[in-house]
Amino acid sequence: TCDWSKYLDITDAKLKATWTGKKIPIAIFVDNYLKNKIDIKIEPMELFWKRYEVFRFCFTTEHLQFFLLKFTGQLIHHSQAADSAEVRDVYDRSNNFYNYFLGPRMIYTSGIFESQDETLEVAQDRKMDLVCR
C-alpha cells in the first residue's frame, strides 16, 4: 500500500478513489497534474526524491492506445507531406522564441561540468569546445 496523501492532493474524486492506497503510475500523475486534477503539497524536488514511494513506473493503457492509434497510424499513413505538417510549427518559430528558454547559445543540451559551482553557460562552452575541436 501507499499513502501519497502527505505529498499529493488529488482534487478529482474518481481519480482519488481509484488510486487511494496505491502507487500512482507516473504517466497518470503527469497527465492529471497537467489537467489540474492533482496538486503537489511539498516542494517538487522533495517529491522527486520520494518518487519510488509514491509512483509506479510502468506501461499504462494510455501508452497502448497511443501506440495502436497514433504511432501505428503514422507508420501506415506515412508521407513526406505528413512529416512536413507535423514539424512545420517547430521550424517556423522565430529565434526569439527559442532564445527565451535556450539562452544566447541556443543549445538544447547541457554541458560538461567540472564543479557544482559552475554556471550552465561555462559547462556548455566547455562541451562545445570539446565537441567542435
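Refer to the structure printed above.
Residues numbered from 1 in each chain as written. Predicted model: local features only at pLDDT ≥ 70, side-chain atom pairs only at ≥ 80, totals over all residues. Heavy atoms only, no water.

**Student:** Please give an account of the environment of Gly-21 that cites residues and values.
**Tutor:** Mapping Gly-21 onto the fold places it in the loop between helix 1 (13-19) and strand 2 (24-25). Remark: the alpha-carbon pair of Gly-21 and Phe-66, spanning 45 residues in sequence, is separated by 27 Å. (Helix = DSSP H or I, 4+ residues; strand = E, 2+ residues; numbered from the N terminus.)

**Student:** Could you give an account of a nonpolar patch on the surface, naming the residues involved and the relevant values?
**Tutor:** On the surface, Leu-64, Phe-66, Phe-67, Leu-68, Leu-69, Phe-71, Leu-75 and Ile-76 cluster together into a nonpolar patch covering about 860 Å² of accessible area. Within the secondary structure, Ile-76 is located in helix 5 (residues 61-76). Relative accessible area serves as the criterion here: at 61%, Ile-76 is assigned to the exposed category. (Patch = residues over 30% accessible without salt bridge, like charges linked within 9 Å, V, L, I, M, F, W, Y side chains within 5 Å. Areas by Shrake-Rupley, 256 points an atom, 1.4 Å probe, with all protein chains shown as cover. Salt bridge = Lys/Arg side-chain N within 4 Å of Asp/Glu carboxyl O. Buried < 20%, exposed > 50% of the residue type's maximum accessible area, 1.4 Å probe, protein only.)

**Student:** Requested: an account of the environment of Lys-50, with residues and values cited.
**Tutor:** Here Lys-50 lies in the loop between helix 3 (44-49) and helix 4 (51-54). Given a relative accessible area of 28%, Lys-50 falls into the partly exposed group. Between the C-alpha atoms of Lys-50 and Gln-65, which are 15 residues apart in sequence, the distance is 29 Å.

**Student:** Describe in detail the nonpolar core, supporting the description with residues and values.
**Tutor:** Residues Trp-4, Leu-8, Ile-24, Phe-29, Leu-47, Val-54 and Phe-55 are the most contacted members of the largest nonpolar core, which totals 15 residues. Of all elements in the fold, only strand 1 (8-10), helix 1 and helix 2 (26-34) reach the threshold of two or more residues within this core. Leave out the neighbours within four places in its chain, and Leu-47 touches Tyr-7, Leu-8, Phe-29, Ile-40, Ile-42, Val-54 and Phe-55. (Core = buried A, V, L, I, M, F, W, Y, C linked by side-chain atoms within 4.5 Å. Contact = heavy atoms within 4.5 Å.)

**Student:** Please provide a residue-by-residue account of the pattern of salt bridges, values included.
**Tutor:** Within the structure shown, the criterion is met by six salt bridges. Between Arg-105 and Asp-125 there is a salt bridge, with its nearest N and O atoms 2.6 Å apart. In this pair, Arg-105 is assigned in the loop between helix 7 (95-102) and helix 8 (120-131) and Asp-125 in helix 8, connecting sequence segments 20 residues apart. For Arg-105, a relative accessible area of 32% corresponds to the partly exposed category.

**Student:** So, the packing of aromatic side chains: which residues are in play, and what are the values?
**Tutor:** Each pair of aromatic rings is reported with the distance of its centres and the angle of its planes. On inspection of all chains with the given rule, the structure shows six aromatic pairs. Between Lys-22 and the ring centre of Trp-19, over which it is positioned, the NZ or CZ distance is 5.8 Å. Cation over ring: Arg-93 sits above Phe-97, and NZ or CZ is 4.4 Å from the ring centre. (Phe/Tyr/Trp six-rings, centres within 6.5 Å; stacked < 30°, edge-to-face > 60°. Lys NZ or Arg CZ within 6 Å of the ring centre and 35° of its normal.)

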